[in-house]
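# Overview (structure and organization)
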Amino acid sequence: MKEFVLGGVATSFAAVFTNPLEVVKTRMQIQGELKHRGAYPVYYKNVFHAFVVIAKNDGLLALQSGLVPALWYQFVMNGARLGSFQAFVDYGLTKTASGDVSFPRTLVAGAASGCIGAYLASPLYLVKTHLQTNSTSKIAIGDQHEWHSMSDGLRKIYTQHGIQGLFRGVSAALLRVSMGSAAQLSTFAKSREMIDNSGWFQRNSWKSTLMASCVSGSVVVALMTPFDVVSTRLYNQQVSKDGRGAKYNGVFDCILKMFRSEGLWGFYKGWGASFTRLAPHTVLSLVFWSELRKFYHSLEKSESK
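Just so you know, these numbers come straight off a predicted model, no measurement behind them.

Turning our attention to the overall build of the protein. For the protein, the helix and strand inventory stands at 9 helices and 0 strands. Mapped in sequence order, the helices and strands of the protein form the string α-α-α-α-α-α-α-α-α. The C-alpha extent of the protein, read off along each of the three principal axes, is 60 × 40 × 35 Å. Within the protein, buried positions represent 51% of all 305 residues. Look at the contacts in the protein between residues 6 or more apart in sequence, and 77% of them connect residues 24 or more apart. Counting only carbon and sulfur atoms, one obtains 65% of the accessible surface of the protein, whose full area is about 14,400 Å². Side chains of the protein give 32 positive and 18 negative charges; the mean places of these two sets differ by 4 Å.

Relative to each other, helix H4 (residues 103-133) and helix H5 (residues 150-166) sit at 125°, their axes nearing to 10 Å. In terms of their interaxial angle, H4 and H5 are classed as oblique. Classified by chirality, the crossing of H5 by H4 is right-handed. Residues Ser122, Pro123, Leu124, Leu126, Val127, His130 and Leu131 of H4 form the contact with H5, whose own contacting residues are Met150, Gly153, Leu154, Ile157, Gly165 and Leu166.

The next thing to look at is empty space enclosed by the protein. Summed over the entire model, instances satisfying the criterion amount to 3 cavities of 30 Å³ or more. Counted as a void, the largest cavity has a volume near 210 Å³. In this structure, the largest cavity is lined by 19 residues; those nearest its centre are Met77, Asn78, Arg81, Gln184 and Met224. Only helix H3 (67-90), helix H6 (170-198), helix H7 (206-236) and helix H9 (271-304) provide two or more residues apiece to the lining of the largest cavity. Ranked by residues supplied to the lining of the largest cavity, first place goes to H3 with 6 residues. Here the lining of the largest cavity is built from residues that sort into 7 nonpolar, 9 polar and 3 charged. Considered as a void within the structure, the second largest cavity measures approximately 80 Å³ in volume. In terms of lining, the second largest cavity is formed by Ala15, Thr18, Asn19, Glu22, Ala70, Tyr73, Gln74, Tyr125, Lys128, Arg176, Arg277 and His281.

Residues other than glycine seldom take positive phi values, yet Leu34 does so here, at roughly 55°. The residue Leu34 is located in the loop between helix H1 (2-30) and helix H2 (47-58) in this model. Classification of Leu34 as partly exposed rests on a relative accessible area of 25%.

What follows concerns the packing of aromatic side chains. Per the counting criterion, the structure on display carries 5 aromatic pairs. Taken together, a centroid distance of 6.4 Å and an interplanar angle of 70° make the contact between Tyr43 and Tyr44 edge-to-face. Overall, the relative accessible area of 24% leaves Tyr43 in the partly exposed class. Overall, the relative accessible area of 1% leaves Tyr44 in the buried class. Residues Tyr125 and Tyr235 carry aromatic rings whose centres are separated by 5.1 Å and whose planes lie at 50° to one another, so their mutual orientation is tilted. Here Tyr235 lies in helix H7 and Tyr125 lies in helix H4, a separation of 110 residues in the sequence. For the residue pair Tyr125 and Tyr235, the accessibility class agrees, reading buried in each case. Pairwise contacts between aromatic rings join Tyr73, Tyr125 and Tyr235 into one cluster. Note that Lys128 overlies the ring of Tyr125, its terminal NZ or CZ placed 4.3 Å from the centroid.

If charged atoms from side chains of opposite charge come close, those side chains can pair. Throughout the structure, instances matching the rule amount to 12 salt bridges. Here Asp152 and Lys156 are joined by a salt bridge, their closest N and O atoms 3.4 Å apart. Here Asp152 and its partner Lys156 are both found in helix H5, 4 residues apart, which amounts to about one turn of the helix. Since its relative accessible area comes to 8%, Asp152 is described here as buried. Each member of the salt-bridge network shares a partner with another, and the members are Glu22, Lys25, Lys128, Arg176 and Asp228.

In the structure shown here, the tally under the stated rule is 0 disulfides. Cysteine Cys115 remains unbridged, with the sulfur of Cys254 as its closest cysteine sulfur at 18 Å. Look at Cys115 and you get partly exposed, because its relative accessible area is 29%.

For the second largest pocket, the calculated volume is near 370 Å³. Taken together, 19 residues make up the lining of the second largest pocket; nearest its centre are Arg168, Gly169, Gly243, Arg244 and Gly245. Where the lining of the second largest pocket is concerned, the elements lending two or more residues are H5 and H6. In terms of residues, the lining of the second largest pocket owes the most to one element, H5, which gives 3 residues. Class assignment for the residues of the lining of the second largest pocket results in 5 nonpolar, 10 polar and 4 charged.

Conventions used here
- Residues numbered from 1 in each chain as written.
- Predicted model: local features only at pLDDT ≥ 70, side-chain atom pairs only at ≥ 80, totals over all residues.
- Heavy atoms only, no water.
- Helix = DSSP H or I, 4+ residues; strand = E, 2+ residues; numbered from the N terminus.
- Buried < 20%, exposed > 50% of the residue type's maximum accessible area, 1.4 Å probe, protein only.
- Contact = heavy atoms within 4.5 Å.
- Areas by Shrake-Rupley, 256 points an atom, 1.4 Å probe, with all protein chains shown as cover.
- Lys, Arg positive; Asp, Glu negative; His and termini not counted.
- Charge placed at Lys NZ, Arg CZ, Asp CG, Glu CD.
- Axes fitted to C-alpha atoms, helices over the stretch in contact; angles between N-to-C directions.
- Parallel < 35°, antiparallel > 145°, perpendicular 65-115°, else oblique.
- Left-handed = near helix turned anticlockwise from the far one by under 90°.
- 1 Å grid on protein atoms, 1.4 Å probe; cavity = no way out; pocket = protein on both sides within 12 Å on 5 of 7 lines; lining within 4 Å.
- Points joined across faces, edges and corners; volume = space filled by probe spheres on them.
- Nonpolar A, V, L, I, M, F, W, Y, C, P; charged D, E, K, R; others polar.
- Phe/Tyr/Trp six-rings, centres within 6.5 Å; stacked < 30°, edge-to-face > 60°.
- Lys NZ or Arg CZ within 6 Å of the ring centre and 35° of its normal.
- Salt bridge = Lys/Arg side-chain N within 4 Å of Asp/Glu carboxyl O.
- Disulfide = S-S within 2.5 Å.

Structure below.
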């Protein structure tokens with residue numbers, strides 16, 4: 001249980017700093033949904049322009065839209081994800097018989113732990129996406145959801161569509177997070193081992209953790225962005241009374257429609273915001289997680305003396 005709590009607390013700390021970038025990323029991914037280039041108004045030209053536009057039209061606090069569900073999402077999803085992954089590590093499931101880190105095994109462990117976290121936290125990501133896309137009509141993009149808070153959104157979705165409604169879009173989330181988690185945790189574990197063995201820094205120092213996190217963050221952005229866009233689209237769409245999506249029937253239907261309407265570039269909408277957000281979030285999360293674990297274990301040792 002302690003690993004779940006440490007992982008959740010570490011990523012929640014990171015989310016406080018990176019949530020404004022999450023708001024920008026989400027809006028840029030929805031912008032021009034299922035429309036050809038040039039056939040829609042571009043309210044958000046780039047990351048910095050989006051910051052100015054949102055602050056000017058929705059107010060400065062809008063840059064922290066969805067912060068409460070974002071923090072809960074990070075705590076639940078990454079608590080389960082990092083906690084599960086650490087359990088795999090503690091049981092020796094990510095190493096070879098000789099004790100070295102196995103890249104294929106950490107890849108599988110990362111994907112499995114990502115699926116666990118994504119499923120448990122899916123309702124929180126759903127409401128977070130709705131709150132972050134909600135804006136004034138002047139710069140509104142995609143479907144708008146008039147929730148006043150996380151609890152209001154969860155309550156109304158449950159009232160209208162039941163438990164199934166709270167977990168709509170979960171298939172895309174499983175694909176998105178398992179891909180990102182596998183890439184993140186496997187590259188982090190392997191690159192930190194290589195850095196520690198190189199002798200550049202003291203073994204298990206924050207410097208080696210930081211460098212390994214930078215490598216991991218870059219890989220995650222490259223592999224995860226298309227799945228992130230698909231996931232955002234599925235979560236944000238309106239649904240009928242029977243729970244059917246107004247635009248997409250599922251993951252593969254979304255991919256096909258996006259490719260036909262927006263081309264390959266549609267899957268990389270908001271990639272600048274994704275990199276600007278994911279890279280520091282990955283670094284902060286992994287550094288906080290590593291340092292919190294070291295701090296906790298040092299307390300355990302001091303108490304046992």
